[in-house]
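Structure assessment
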Amino acid sequence: MREVFTKTILNKHKKRDSWFLDDYSLNPYQLCEFNCIYCYIKGSRYGEKKDKLAVKINAPTLLEKELYRRAKKKEYGFIALSSATEPWMEAERRYRVTRKCLEIIARYKFPVHCLTKSPLILRDLDLLCEINENAVLPSDLGELGCGSLITFSFSTLDEKIAKIFEPNAPRPIDRLKTIEKIKDYGFYCGIAYIPVLPFISDHNEQLDEMIRVAGELADYVFVGALTLHGVGKQLYFRVLEKHFPELIPKYERLYKFNQSSREYQKKLEKLAIELCKKHGVKYMIR
Ligand code: SF4
């Protein structure tokens, strides 16, 4: 793992993310050691960098300055931790950069939305409890009543499929067990099935089971389609060729462009909403 000094650490969005409700994003690492084949970062300019994985060693120092300034102006908003890396990857055991950032977020009373696949988040539940109770929410999100949102992401619950597409990530069963523990602490916690993998983990029966499980464990569910672009698209197709060659023509039709077709996305959303009603779980956070 390389250690790098970054120039900026807190990204302020022009507009709040309508799904995840974050006004800011914070990525303490560059790229991600979980190495999911479908990860959209692989197709971005960051994914093409040769120097790859790195820890932003000065992230806490920069964050302290940023939040001091923004708290003074009362510019409170959810911080997505993280939008382009895994904040609790294995390297975090040693570097503790995510933990140090959480200490600062707690001190300045900002709300946080944790997006993760990792059981290591359990280490930091003390700070997340503090943030949950004390964070200042933006006035139009006051009804949420919690300063810490925690969302676990999955592309499938099938261990064999996960091994192919998320080779270094914690197993789906370990993520589900972690959600169970987090719920014991009373957090508002959800599951993001993003992305579901076309023709691999998006069949009606699979989604029915995935949303049933979410209904048992979590408070809300997202379901989102796969995006493929740049180098990431080539890599994904290489994996398809090896494990699911019969699906290549279907994918070529569905991914003429970077996004799946509008029709596919609408169908997926409609089914997700129906299944959420069936299993009594909220579709999206509110
Ligand atoms: S865990 Fe998230 S950030 Fe990391 S490789 Fe997988 S999709 Fe990308």
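The following paragraphs examine the structure supplied in this document. All residue numbers refer to position in the chain's written sequence, counted from 1. The predicted nature of this model means local features are confined to residues of pLDDT at least 70 and side-chain atom pairs, given and counted, to a pLDDT of 80 or more, with totals for whole chains, interfaces and linings taken over all residues. For the side-chain quantities, the full set of heavy atoms in the structure was used; hydrogens and water were omitted.

Structural notes on the overall build of the protein
- Comment: elements are numbered from the N terminus, with helices defined as DSSP H or I runs of at least four residues and strands as E runs of at least two. A count of helical and extended segments in the protein gives ten helices and eleven strands.
- Against the compact-globule benchmark of 19 Å for 286 residues, the protein has a radius of gyration of 19 Å, which places it among compact chains.
- Restricting to contacts in the protein with at least 6 residues of sequence separation, those with at least 24 account for 79%.
- Split by element, the accessible area of the protein, about 13800 Å² in all, is 52% carbon and sulfur.
- If you average the places of the 49 positive and of the 38 negative side-chain charges in the protein, the two averages end up 5 Å apart. Every radius of gyration here is taken over C-alpha atoms, with the globule rule written as 2.2 Å times N^0.38, N being the number of residues. Any pair of residues with heavy atoms lying within 4.5 Å of one another is described as a contacting pair. With residues, only the protein chains shown are counted as cover, and all accessible areas are computed by Shrake-Rupley using a 1.4 Å probe. Counting rule for charge: Lys and Arg are taken as positive, Asp and Glu as negative, and neither His nor the chain ends is counted. Charge positions come from single atoms, namely NZ of Lys, CZ of Arg, CG of Asp or CD of Glu.

Re the environment of K100
- Counting through the fold element by element, K100 comes out in helix 3 (residues 97-107).
- Every residue in contact with K100, bar those within four places of it in the chain, is listed here: P60 and Y95.

Considerations on the pairing of strand 10 (residues 220-223)
- Side chains Y220 and F222 project from strand 10 onto one buried face, and the interleaved V221 and V223 project onto a second face that is buried too.
- Both strand 9 (residues 188-193) and strand 10 contribute to a ladder of four bridges, which runs parallel. Its bridge partner lying in strand 10, I191 is registered against V221.
- In terms of handedness, the path from strand 9 via helix 7 (residues 204-217) over to strand 10 forms a crossover that is right-handed.
- At least two bridges found by DSSP between two strands are what make those strands a pair. Here strand 10 runs beside strand 11 (residues 282-283); their pairing, made up of two bridges, is parallel. Paired with V221 across the bridge in strand 11 is Y283. Summary of the burial criterion: residues with accessible area below 20% of their type's maximum are buried, those above 50% are exposed, and those between are partly exposed, where the area comes from a 1.4 Å probe applied to protein chains only. Note on handedness: a clockwise path from strand one over the helix to strand two, with the strands aimed away from the viewer, defines a right-handed crossover.

Section: the sheet that holds strand 5 (residues 54-56)
- If you trace the three strands from one edge of the open sheet to the other, you get 1-5-4, paired in mixed fashion. Taken across any chain shown, the strands that pair with only one partner, and hence form the sheet edges, are strand 1 (2-4) and strand 4 (29-30).
- Sheet topology places strand 1 next to strand 5; three bridges connect them, and they run parallel. Bridge pairing in strand 5 links R2 to A54.

Examining the sheet that holds strand 10
- Strand order in the open sheet formed by eight strands is 2-3-6-7-8-9-10-11, and the pairing between neighbours is mixed. Among the strands making up the open sheet, the edge pair consists of strand 2 (10-12) and strand 11.
- The pairing of strand 8 (residues 148-154) with strand 9 spans six bridges and is parallel. Considered in strand 9, the bridge of S153 is made with A192.
- Here an angle of 0 to 180 degrees is reported between the N-to-C directions of two axes, which are lines fitted to C-alpha atoms, with helices fitted over the stretch in contact. In this fold helix 6 (residues 172-184) packs onto strand 8 and strand 9, with an angle of close to 165 degrees to the strand it touches most, strand 8.

Comments concerning helix 8 (residues 230-243)
- How far a helix is expected to stretch is found by multiplying one less than its residue total by 1.5 Å. With 14 residues, helix 8 should reach 20 Å at 1.5 Å per residue; the first-to-last C-alpha distance of 21 Å fits that figure.
- Considering only its buried residues, helix 8 is in contact with helix 5 (159-165) and helix 9 (248-254).

Points about the site of the ligand
- Here, proximity means that at least one heavy atom of the residue falls within 4 Å of the molecule or strand. The environment of the ligand is made up of C32, F34, N35, C36, C39, I41, T85 and K117.
- Residues are grouped as follows: Ala, Val, Leu, Ile, Met, Phe, Trp, Tyr, Cys and Pro are nonpolar; Asp, Glu, Lys and Arg are charged; every other residue, Gly included, is polar. Grouping the constituent residues of the shell around the ligand by class yields five nonpolar, two polar and one charged.

Comments concerning the packing of aromatic side chains
- Note on aromatic pairs: the rings of Phe, Tyr and Trp (six-membered ring only in Trp) are paired at centre separations within 6.5 Å, and the planes decide the class, stacked below 30 degrees, edge-to-face beyond 60, tilted for the rest. What the rule picks out here adds up to 14 aromatic pairs.
- Three or more aromatic residues link up through ring pairs in this structure, and these residues are F165, F199, Y236, F237, F244, Y251 and Y255.
- Above the face of the Y24 ring, K12 is positioned so that its terminal group lies 5.3 Å from the ring centre.
- We call a charge positioned over a ring when the NZ of a Lys or the CZ of an Arg lies within 6 Å of the ring centre and within 35 degrees of the ring normal. Above the ring of F154, the side-chain terminus of R175 is found at 5.0 Å from the ring centroid.

Thoughts on the side chain of T6
- Within the fold, T6 resides in the loop between strand 1 and strand 2.
- Sequence-distant contacts of T6, defined by excluding residues within four places in its chain, comprise K56, N58 and L62.

Here's the deal with the packing of helix 3 against helix 4 (residues 125-134)
- The N-to-C vectors of helix 3 and helix 4 enclose an angle of 20 degrees; their axes lie 9 Å apart at closest approach. When the interaxial angle is binned, helix 3 and helix 4 end up roughly parallel. Pair helix 3 / helix 4 crosses with left-handed handedness. Contacts between helix 3 and helix 4 involve R99, L102, E103, I105 and A106 from the first element and D126, L127, L128, E130 and I131 from the second. Note on terminology: angles under 35 degrees are roughly parallel, angles over 145 are roughly antiparallel, angles of 65 to 115 are roughly perpendicular, and the others are oblique. Two helices crossing with the near one rotated counterclockwise from the far one by less than a right angle form a left-handed crossing, whereas a clockwise rotation gives a right-handed crossing.

So, the packing of helix 1 (residues 59-72) against helix 3
- Across the interface, helix 1 lies against helix 3 with an axial gap of 9 Å and an inter-helix angle of 15 degrees. Between helix 1 and helix 3, the angle falls in the class roughly parallel. The crossing of helix 1 and helix 3 is right-handed. Here helix 1 contributes A59, P60, L63, E64 and L67 to the contact with helix 3, which in turn contributes V97, K100, C101, I104, I105 and R107.
- The residue makeup of the contact of helix 1 with helix 3, split by class, is eight nonpolar, no polar and three charged.

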